[in-house]
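Reading the structure
Each chain, letter by letter, is given below.
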Amino acid sequence: MRMHRIMGQAGTRSQRFMIATALMALAALGVASSASAQPKGAFAVFAQCPVHAAEVDGCIYSPTTSGYITIGKTEVPIVNKQVLQGGLLENEPSYVKPLSAALNGETLTKTAQKVPGGLLGLVECRKISNFIERILCEGFFENGVTGVNAVTELAAPASSVVLNSAYEQLGVGTALTLPIKVHLENPLLGSECYIGSTKEPIKLELTTGATTGGPTGKPGTKTTKEEGGIVVISGVSLVGNTFTAPKATGCGLLGILDGILNEKIGLPSSKNTAVLNGSVEIANSEFVEESEG
């Protein structure tokens, strides 16, 4: 009898273990399924929208395909597509929407744009006082490693990016607030050469209307697709010329190139311009979630 009880208890423990293991497997399968679910069809562009996050009621996908950013005396054309993406947070008034971070962490994609003239347009080796840095500079020029990329990065939490859809369509006021910093990339400049920072961002306040003494934006043309589930605004031009740019920092060994770059670019600067041309797609987060199937 005692042996039967022991075997019965062992059997019960074994059954409990098997049931627990099965439940864990099902839970893991559910998590994996949820993680692998992706929006489909026309909603696929919203793949980085956190549709399951609290307070997210919309999704945005906004590629910039052309334009330019002028900081001080240096103009960088936009030739490679850069995307603003993520969720739109519930807010009052409803047409003013802070963003929720993209699932992959790139609410503003880190897209490199070539700086015209490269190092030649930014650095004169003979002006570098540090002997080692000057020799390195001359070596880069001799070996043709002179290309410089400018990468515009988000300089604050995603919620600091704010879209005002009413102003965007009316062509008045600030349609998009976008705090950025610009990473200048070249081996000579090191990995921490930035114009702007988290503590001192370049705050773009962009309009689709007119600026004072600068470019004029365009609200674009509004259409819908997926039976009204997605709002598309094409031909948008966001412009601004009221933002300031601080000095470059972290450039070269121990920041030894900061002064040269700041003199060449003209930093800090209060005379700067941004023109971002592209489109905007917005969808209700529920529609995006439903498209996951």
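Presented here is a report on the structure given in the accompanying data block.

Thresholds, definitions, all that
- Residues numbered from 1 in each chain as written.
- Predicted model: local features only at pLDDT ≥ 70, side-chain atom pairs only at ≥ 80, totals over all residues.
- Heavy atoms only, no water.
- Helix = DSSP H or I, 4+ residues; strand = E, 2+ residues; numbered from the N terminus.
- 1 Å grid on protein atoms, 1.4 Å probe; cavity = no way out; pocket = protein on both sides within 12 Å on 5 of 7 lines; lining within 4 Å.
- Points joined across faces, edges and corners; volume = space filled by probe spheres on them.
- Nonpolar A, V, L, I, M, F, W, Y, C, P; charged D, E, K, R; others polar.
- Salt bridge = Lys/Arg side-chain N within 4 Å of Asp/Glu carboxyl O.
- Buried < 20%, exposed > 50% of the residue type's maximum accessible area, 1.4 Å probe, protein only.

As a further point, take the environment of Gly 213. Mapped onto the fold, Gly 213 is located in the loop between β10 (202–206) and β11 (221–225). Sequence separation between Gly 213 and Asn 241 is 28 residues; the distance between their C-alpha atoms is 8.5 Å.

Within this structure, the stated rule accounts for two cavities of 30 Å³ or more. Computed from the structure, the largest cavity encloses a volume of approximately 420 Å³. Contributing to the lining of the largest cavity are 32 residues, with Ile 69, Ile 78, Gln 82, Thr 152 and Leu 276 lying nearest its centre. As a volume, the second largest cavity reaches approximately 70 Å³. Together, Ile 60, Ser 62, Leu 84, Leu 163, Glu 168, Leu 176, Leu 238 and Val 280 line the second largest cavity. Within the lining of the second largest cavity, the residues separate by chemical class into six nonpolar, one polar and one charged.

This structure, assessed with the given rule, holds three salt bridges. Among the salt bridges present, the one from Asp 57 reaches Lys 97, with a minimum N-O distance of 2.9 Å. Of the two residues, Asp 57 is situated in strand β1 (residues 56–71) and Lys 97 in strand β4 (residues 96–100); the sequence distance between them amounts to 40 residues. A relative accessible area of 13% means that Lys 97 is categorised as buried. Between Glu 205 and Lys 203 there is a salt bridge whose closest N-O contact spans 3.8 Å. On the accessibility criterion, Glu 205 (37% relative accessible area) is partly exposed. The class of Lys 203 is partly exposed, set by a relative accessible area of 47%.

All right, on to the layout of surface pockets then. If you add up the space inside the largest pocket, you get close to 320 Å³. The wall of the largest pocket is formed by 19 residues, among which Leu 88, Lys 97, Ser 165, Val 231 and Ile 282 lie closest to the centre. Elements with a minimum of two residues in the lining of the largest pocket: β1, α4 (165–170), β12 (230–240) and β14 (272–284).

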